[in-house]
Amino acid sequence: MELLYSMRRKPLKCEPPHFESPSDYDVIRPICTISNANIIAFSSPTELTDSEGDTWGGHVYVCDLDTPWDSHKVTSTSYPVSALEWDLEGKQLLVATTVGSVSVFTQKDYLLNEWLCLYTANFSGEHVIRSIFFHNGRRVVAVDKKPDAPITERIQLLRSTPTLKGFGGSPLEGALIITATGLIGALTPPSSTSSDINQAQVSTDCLRPTRDHITTASIAHKNGSLIIAAVSRSGGSRCCVVCALCSVATAAPSPQIKISPLPTIYLPHQYVASSVSISWWHREDPDSLLVAGSTLSLWKCTERSHQVHKLFSKGPLQGSTTPGGGLQSGADCFNTLVWQSVSAWAAEAGRVCCARAAVGAGAGGGAPHAVLAAPRALHLVARDSAHILCSRPVITSGGVGSSLAEVTTTPPKKPKYGPGVTSGGGGAVVSCVEMSQLGGVVVAIDTYAQLHVYKLPQPWADIPTPLAVQQATSLLEYAMVSGVDCLDVLLTLKHSVGELVYERFTETFQRQPPTFQQYYFHSWLKLRIALCRLSPGAASSVSWLTCLQSLQAAWACVCGALRADDKPDSAPLAALLDDHSHDHDKSLLALETKCDTIPEAASLAPLRLLLQRALDIALTAMLSLCHHQHQHLMHHFYEVWADSAAVALLRRLASAARLGGRAAEPLLRPLARLAASAAPKPDLIEECAALTAQWTGARVWEALPRCSVAAPHDRLWPLYLEYGVEPEALRFIPEPPPYAQCETTPSITMDSIRYMYLGGGSRPARWRQCARCGARALPAAQPARHPLQRACDARFLPACRCGGKWTLFSNI
């Protein structure tokens with residue numbers, strides 16, 4: 001476990017009240033959570049830019065794991081925030097406070113810095129301590145099989161029972177909360193007939209017949225139900241963990257809650273004086289419970305048989321007048337559920353575990369590790385062996401006023417909050433810890449709302465290189481199939497295995513069935529781009545893979561514009577669209593000679609910018625071929641001219657561009673010759689070199705400048721960063737090769753989706769920007785645009801081409 005970076009904030013002139021008392025479980029401290037898109041949501045007692053202490057309350061912020069200094073506020077409340085939870089898809093965020101107000105937010109227009117409240121609920125006088133969204137019934141599970149087995153056998157999509165079912169068994173949205181008095185509330189979105197469109201439908205029930213003092217709780221999904229574990233303190237002299245199984249059924253006008261009690265865990269007496277935290281080991285279908293207090297123990301619910309007398313058996317007795325009578329054994333009659341402590345870890349002397357243990361899902365839902373947060377350290381715990389693997393101290397003070405180069409080599413020593421607080425004594429303590437979906441990183445937050453991100457070994461630190469490559473490839477394949485963001489796994493990769501992982505990941509995908517490749521091609525392409533973006537020498541491959549992504553989007557629009565099946569004479573267009581026929585090459589040559597006489601060319605006019613980009617990519621690819629052959633260099637990772645499928649796609653797009661009236665004649669012959677030969681001939685290379693003199697089109701270079709943690713900036717870990725301050729030392733600007741440089745080379749001020757300038761010179765009015773790849777785009781598609789253009793824009797409206805979230809910027 002190694003520290004990646006720590007966030008710092010400006011010093012406050014007054015201390016947060018009672019935050020440095022780890023044993024006080026009634027104090028509301030900052031909390032954090034991370035979604036499957038690797039977006040961190042965390043709370044802060046004051047605004048991050050406040051140094052006077054004038055904004056005490058509850059403030060919720062979100063930030064990308066790759067750019068944590070760009071933190072955007074979701075909402076502000078007058079009371080502290082006590083619960084934060086992402087839904088399973090990472091699109092909705094639940095925010096609950098200490099006075100019972102619950103709100104569900106989502107991104108407005110898919111922007112990370114603009115949020116919209118979907119619905120709210122109010123549980124007056126209740127302190128919400130935990131929440132969870134309903135399960136949608138879809139699970140992706142990794143099966144233990146050989147690495148050479150097809151991905152469809154190793155990773156399977158299961159259809160489980162959703163938490164709340166609607167008409168036809170379809171899953172419904174909603175969430176469940178538990179309060180400090182044992183109240184359980186279920187809230188669902190308002191119906192269409194509701195008078196208040198923002199007020200959720202609410203139903204409540206109690207965990208036990210009598211109200212308890214619940215200090216902390218943990219909720220997980222279990223076979224279409226929700227399994228709840230809550231720490232109850234009755235009278236201050238007893239501490240126990242109350243467990244129950246909760247199911248939610250649809251009933252008008254609000255959902256109905258049914259609670260089935262489970263056995264209770266009675267903790268030893270030494271847990272009474274300590275702060276107890278609990279967490280289920282798995283987030284889905286849990287079988288074990290972690291209990292952290294004076295010691296850390298693992299409990300498992302098992303079924304035990306009790307031998308009793310036959311008179312107490314539930315079945316009919318032998319010789320009775322009951323039909324079908326017969327003697328049943330006592331073991332078959334009395335099977336009960338009991339909790340059994342299977343392992344325990346001794347905590348360090350004098351340290352009380354104050355934060356809940358966070359368990360990652362891992363590939364397929366099972367994580368071999370758990371992380372326990374002590375007040376000033378993190379402990380990595382292995383489930384198989386009853387001992388702590390490693391411990392890392394958490395430095396929570398100093399480092400803001402120093403430069404990045406200074407703080408990356410020495411720990412910070414500057415006093416943080418107030419003149420009397422130093423790094424040696426006092427300061428902030430860790431208040432919450434969460435693990436990412438794939439188990440790659442751990443996010444911890446202290447009482448000053450400062451984030452600390454650690455990377456975990458995959459699956460252990462001293463793993464041999466072949467096994468490390470195999471493990472990383474398996475996680476990337478799971479991310480490709482499940483749709484979970486894999487940035488946390490990429491941050492754990494060593495520089496020496498990045499290229500090996502890329503080669504194995506590419507080779508494994510190409511051995512899959514054609515139907516599998518066609519369905520997951522775009523996800524596979526995004527992961528290849530992300531892998532190449534980690535290496536400073538693979539900037540050219542990043543550009544070419546991004547160009548291939550743009551070509552695929554342009555070809556999808558061309559297919560939608562032509563629609564050859566609807567035309568009476570569709571033979572020429574069918575030759576262009578169908579690349580699986582035997583006479584495809586001859587038909588395409590015939591189409592190139594008479595494409596000026598086809599009346600369907602007018603339908604391609606709205607796609608002139610996309611077709612022009614395809615021609616510029618083809619020109620740049622031809623010049624790249626000449627450059628590599630002239631320099632006698634082997635292509636690294638990926639080149640468009642070396643991919644036969646990409647060359648065939650370029651050839652079809654060039655023919656479509658000629659159909660649309662673009663000047664594509666000089667490129668048709670070189671592309672046809674390159675597609676026909678496995679290796680380029682010398683005369684073809686000379687013909688491509690001659691295009692430089694007769695073609696004045698722009699060169700395409702898609703590797704854009706960016707500033708992020710995962711960029712190849714060659715900085716040593718850990719990094720000490722500050723909220724709101726972009727570190728210039730982490731900026732990476734890839735230099736374009738000579739063949740991609742000209743007077744009309746697309747710059748950062750261009751729309752990466754529409755292939756047009758943003759306007760306003762170097763300072764456009766409003767634009768969207770992706771922090772991970774540096775791409776920019778206009779805010780949104782205009783309604784007056786052509787339907788084909790709107791369809792192309794909508795492809796990248798929810799997220800950038802790389803999968804990153806959009807952020808809106810404005811100079812107005």
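Notes on the structure follow. The structure displayed is predicted, hence computed values, not measured ones.

Basis of the calculations
Residues numbered from 1 in each chain as written. Predicted model: local features only at pLDDT ≥ 70, side-chain atom pairs only at ≥ 80, totals over all residues. Heavy atoms only, no water. Core = buried A, V, L, I, M, F, W, Y, C linked by side-chain atoms within 4.5 Å. Buried < 20%, exposed > 50% of the residue type's maximum accessible area, 1.4 Å probe, protein only. Helix = DSSP H or I, 4+ residues; strand = E, 2+ residues; numbered from the N terminus. Contact = heavy atoms within 4.5 Å. Axes fitted to C-alpha atoms, helices over the stretch in contact; angles between N-to-C directions. Parallel < 35°, antiparallel > 145°, perpendicular 65-115°, else oblique. Left-handed = near helix turned anticlockwise from the far one by under 90°. Nonpolar A, V, L, I, M, F, W, Y, C, P; charged D, E, K, R; others polar.

## Side note on the nonpolar core
Core analysis: the biggest nonpolar cluster contains 136 residues, and Tyr5, Phe42, Leu93 and Met480 have the highest contact counts within it. Ranked by the residues each element gives to this core, the list is headed by helix α9 (residues 539-562), at 13 residues. What Tyr5 contacts, discounting residues up to four positions off in sequence, is Ile40, Leu65, Pro68, Leu451, His452, Val453, Val709, Leu719 and Leu721. Residues Ile132, Ala186, Leu207 and Cys246 belong to the second largest nonpolar core, which totals 23 residues.

## Here we look at the environment of Leu487
Positionally, Leu487 belongs in helix α5 (residues 487-492). Relative accessible area serves as the criterion here: at 6%, Leu487 is assigned to the buried category. Along the backbone, Leu487 and Leu531 are 44 residues apart, and their C-alpha atoms lie at a distance of 9.6 Å. If sequence neighbours within four positions are ignored, Leu487 has contacts with Asn38, Asp64, Leu65, Asp66, Ala710 and Arg772.

## Quick look at the packing of helix α4 (residues 465-482) against helix α6 (residues 498-510)
Close contact between α4 and α6 brings their axes to 9 Å; oriented N to C, the two are set at 55°. In terms of orientation, α4 lies oblique with respect to α6. In the crossing of α4 with α6, the sense of the turn from one axis to the other is right-handed. Every residue of α6 that contacts α4 at Thr465, Val469, Gln470, Ala472, Thr473, Leu476, Glu477 and Met480 is listed here: Leu500, Val501, Arg504, Phe505, Thr508 and Phe509.

## A look at the packing of helix α14 (residues 665-676) against helix α15 (residues 682-694)
Any two packed helices are characterised by the angle at which their axes cross and by the distance between the axes. It is the contact of α14 with α15, at a shortest axis distance of 10 Å, that shows an interaxial angle of 155°. With respect to α15, the axis of α14 lies roughly antiparallel. The hand of the α14/α15 crossing is left-handed. Residue-level inspection shows Pro666, Leu667, Arg669, Pro670, Arg673 and Leu674 of α14 in contact with α15, the latter providing Asp683, Leu684, Glu687, Cys688, Leu691 and Gln694. When grouped by side-chain class, the residues that make up the contact of α14 with α15 number seven nonpolar, one polar and four charged.

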